[in-house]
Structures are given as structure tokens and as C-alpha cells.
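Observations on the three-dimensional arrangement
Each chain, letter by letter, is given below.
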Amino acid sequence: MSYLHSLPRRLVTLYLPLGLILVVLLFPFYWMALTSVKPDAQLLDMDTYSPFWTWSPTLKHITKLLFETEYPVWLWNTMLVATCATALSIFASVLAAYALVRLRFKGSTVAGGLIFLAYLVPPSILFIPLSTVVFQYGLFDTPFALILTYPTILIPFSTWLLMGYFKTIPFELEECALMDGASRWQILVKIILPLAVPGLISAFIFCFTLCWNEFIYALTFISTTSYKTVPVAIVTALVDGDVYRWGSLMAGAMIGSLPLVVLYAFFVEHYVSAMTGAVKE
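What follows deals with the overall build of the chain. Counting its regular elements, the chain contains 14 helices and two strands. Considering only C-alpha atoms, the chain reaches an extent of 75 × 65 × 30 Å along its principal axes. Buried residues in the chain amount to 37% of all 281 residues. A total of about 15800 Å² of accessible surface is found on the chain, and carbon and sulfur atoms cover 73% of it. Placing the 14 positive and 15 negative side-chain charges of the chain at their respective mean positions leaves the two points 10 Å apart.

This is the structure in C-alpha cells:
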């Protein structure tokens, strides 16, 4: 790292690229926050008012979103669906990854590759047959339609991720436990899972984020406004024909992204370490 000792080199090789990355990443949040506090007149008249700043902020759009719409209900629906679908996916992925990596049966490598290939199937293709299944089982327009269909796109990648992380755990620990009389379930619960906490956190963040932002399934399987999730509800309920309530739309998008920001802020180190371990394998 000696090339960073000189200040001009640090400016060119470190601070300038880092600054550009921060601008690109943070500008959408700044634009959402700015639009959510701009008065209506400034949102529509870009020639008279600056599009990048406002001297008369207002909380009208946020107040209208929280108290005149069903946004708190949509936020609760999103949290409920994301939490339940993530828990179900992590449970299935742990069992599948452990069986494929630690049991060493014939064809386990091929099965793991096929599971990952299932993740590459676009959701835009899967939602058509899944909608038929959901309707026939009477789950249409209920949160269970999303809770039970989201794992179809979550389990393949989570299984692949946990497979890579489980391979980093020494097999000798498991062999010693088997010699001491431990069952496979005891080994999984008391040895493998405590050592695989970073991998579990990484899989949880991936699943939760995908559930939180998912749009196609939520748009197809839910029609009642009070059952909708945030990504779909703010687009369908805050747009009247060709009239877009930009202030409330941006406020809804900004508030809806805050839980994910908090989640990544607390667990980003575990997420990176788990992804590194999975990629190495």
C-alpha cells in the first residue's frame, strides 16, 4: 500500500473514486428526501425553482402519506411477508445445504449445481404457472400467496450460498461429534449452525432484501389495497390516472428503504465475510 503514502496519489487513487461512488450511491436517497419535502409548486415548476434544493421544505407529503393513506398497513404487510418468507427459506436452505455438503452422497455436486441453476430462471416466467397454483389452492389475494411463492426464488441462491460457507467448516469437528455419539440433527444445531452464523446472516439479508423489493409476484397475486406491499401499493395507490403524487411517492420510497439501510448497517461485515467464503468455494 506504499502508493497511498503520497497525498496526490491518495487523492487520485482513493478519495476521488470513493467520492464518485458515494455520490452515485447516495444521490437517489438525496433526491427522494428532497422531493418528499418540496412544495407542489416547486415539484412542477423546474424553470423557476432549483431542482436540487428547496428553501421552503414542507412535511405535507409525509403527513399525507402516513395519516391519509394505508401506508402503515402496507409497511406491516411487507414486514410480515418478508419475515415469514425469509424464515421459511432459510430453514429449507439450511437443510438442503447441509445434506448436499456434509452427507457426501453420490450426485450431491450435480444436485447443488442444478439448484443454483434454478435461481437463474427469471421470475417473469415463473409467476404465470405459480399464479395458477395459487388460485387453485385458494390463496389468491392473501399474504400466504407471497409467503409461499417467494421461497421459489429465495431457496436456490440461499442454498448455494450456505453450501459454500458450510464447506469452510472443518469436517473433523463433525467426525469427532459422530464418534462421541451425536446425531446428525445435534451436529447441525449445536456445531454447524453456531459456526455458520455469518453465512446465515448473509442469506437472511439476501432473502429479506429480495422479499422487501419484489414487485411482480406482489402485483400479480394481491389485488386488495389493504393487503398490498409497499413497492406495489405506492405505485398503484398514489397514482391517479396520469397524475403522479411525486411528493408522497418519494416519501413512501424513502421510508420503505430505511429498514433495509438499518439492516445492512448492522450486519454488513457478516454479509461480506459470508459472501467471500461462499465465492472461495
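Take the pattern of salt bridges next. Counted under the stated rule, the structure contains three salt bridges. Notably, a salt bridge pairs Lys-60 with Asp-40, separated by 2.9 Å at the nearest N-O pair. Residue Lys-60 is located in helix H3 (residues 60–67), and its partner Asp-40 is located in helix H2 (residues 40–44); the two are separated by 20 residues in the primary sequence. A salt bridge links Glu-174 to Arg-102; the shortest N-O distance between them is 2.8 Å. Taken as a pair, Glu-174 in helix H9 (residues 171–179) and Arg-102 in helix H4 (residues 71–102) lie far apart in primary sequence, 72 residues in all. In this structure, Glu-174 and Arg-102 share a single accessibility class: buried. Counted as one network, the salt bridges with shared partners bring together Arg-102, Glu-174 and Arg-184.

This part is about the environment of Phe-204. Relative to the elements of secondary structure, Phe-204 occurs in helix H11 (residues 197–213). Along the primary structure Phe-204 and Gly-107 are separated by 97 residues, whereas in three dimensions their C-alpha atoms are 27 Å apart. Apart from residues lying up to four places away in sequence, Phe-204 is in contact with Thr-86, Ile-90 and Leu-263.

A separate point is the nonpolar core. Leu-146, Tyr-150 and Phe-166 are the most contacted members of the largest nonpolar core, which has 45 residues in total. Sorting the residues of this core by element identifies H4, helix H6 (123–136), helix H7 (143–149), helix H8 (151–166), helix H10 (184–195), H11, helix H12 (216–221) and helix H14 (246–280) as the ones contributing at least two each. Those residues in contact with Tyr-150 that lie beyond four places of it in its chain are Val-81, Ala-85, Cys-211, Glu-214, Tyr-217 and Ala-218. Core analysis: the next-biggest nonpolar cluster, separate from the first, contains 13 residues, Ile-62, Ile-234, Leu-249 and Ile-255 among them.

Turning next to a nonpolar patch on the surface. Residues Leu-18, Ile-21, Leu-22, Leu-25, Leu-26, Phe-29 and Val-261 make up a contiguous nonpolar surface patch of about 630 Å² in total accessible area. Counting residues per element, the nonpolar patch draws most heavily on helix H1 (residues 7–37), which supplies six residues. Of note, Leu-25 is situated in helix H1.

Moving on, we come to the side chain of Thr-78. Mapped onto the elements of the fold, Thr-78 is located in helix H4. Within polar-contact distance, the side chain of Thr-78 engages the backbone oxygen of Trp-74 at 2.8 Å. Looking at Thr-78, its side chain comes within polar contact range of the main-chain nitrogen of Val-230, at 2.8 Å. Excluding its chain neighbours within four sequence positions, the residues that come into contact with Thr-78 are Trp-212, Thr-229, Val-230 and Pro-231.

With that settled, consider the packing of aromatic side chains. A full pass over the atoms with the stated rule returns eleven aromatic pairs. Their ring planes at 35° and their centres at 5.8 Å tell us that Phe-27 and Trp-31 sit as a pair that is tilted. Note that Phe-27 and Trp-31 are positioned in helix H1 at a spacing of four residues, about one turn of the helix. Among the residues examined, Trp-31 registers a relative accessible area of 29% and is labelled partly exposed. For the pair Phe-157 and Phe-206, a centre-to-centre distance of 4.2 Å together with 40° between the ring planes defines the contact as tilted. Of this pair, Phe-157 sits in helix H8 while Phe-206 sits in helix H11; the two residues are 49 residues apart in sequence, bridging distant segments of the chain. Of the two residues, Phe-157 and Phe-206, both sit in the buried class. An aromatic cluster is present here, built from Phe-27, Tyr-30, Trp-31 and Phe-52 joined pairwise through their rings.

Turning our eyes to something else, we now look at the confidence of the model for the chain. Within the chain, residue pLDDT values average 84, and 93% of them lie at 70 or more. Of all helices and strands in the chain, the one with the weakest mean pLDDT is H14 (74), whereas H4 scores best (93).

Moving on to unusual backbone geometry. The phi dihedral of Asp-141 falls on the positive side, at around 65°, and the residue is not glycine. Mapped onto the elements, Asp-141 comes out in the loop between H6 and H7.

What counts, and where the lines are drawn
- Residues numbered from 1 in each chain as written.
- Predicted model: local features only at pLDDT ≥ 70, side-chain atom pairs only at ≥ 80, totals over all residues.
- Heavy atoms only, no water.
- Helix = DSSP H or I, 4+ residues; strand = E, 2+ residues; numbered from the N terminus.
- Buried < 20%, exposed > 50% of the residue type's maximum accessible area, 1.4 Å probe, protein only.
- Areas by Shrake-Rupley, 256 points an atom, 1.4 Å probe, with all protein chains shown as cover.
- Lys, Arg positive; Asp, Glu negative; His and termini not counted.
- Charge placed at Lys NZ, Arg CZ, Asp CG, Glu CD.
- Salt bridge = Lys/Arg side-chain N within 4 Å of Asp/Glu carboxyl O.
- Contact = heavy atoms within 4.5 Å.
- Core = buried A, V, L, I, M, F, W, Y, C linked by side-chain atoms within 4.5 Å.
- Patch = residues over 30% accessible without salt bridge, like charges linked within 9 Å, V, L, I, M, F, W, Y side chains within 5 Å.
- Polar contact = N/O pair within 3.5 Å; in protein donor to acceptor, adjacent residues only side chain to side chain.
- Phe/Tyr/Trp six-rings, centres within 6.5 Å; stacked < 30°, edge-to-face > 60°.
- pLDDT = per-residue confidence, 0-100.

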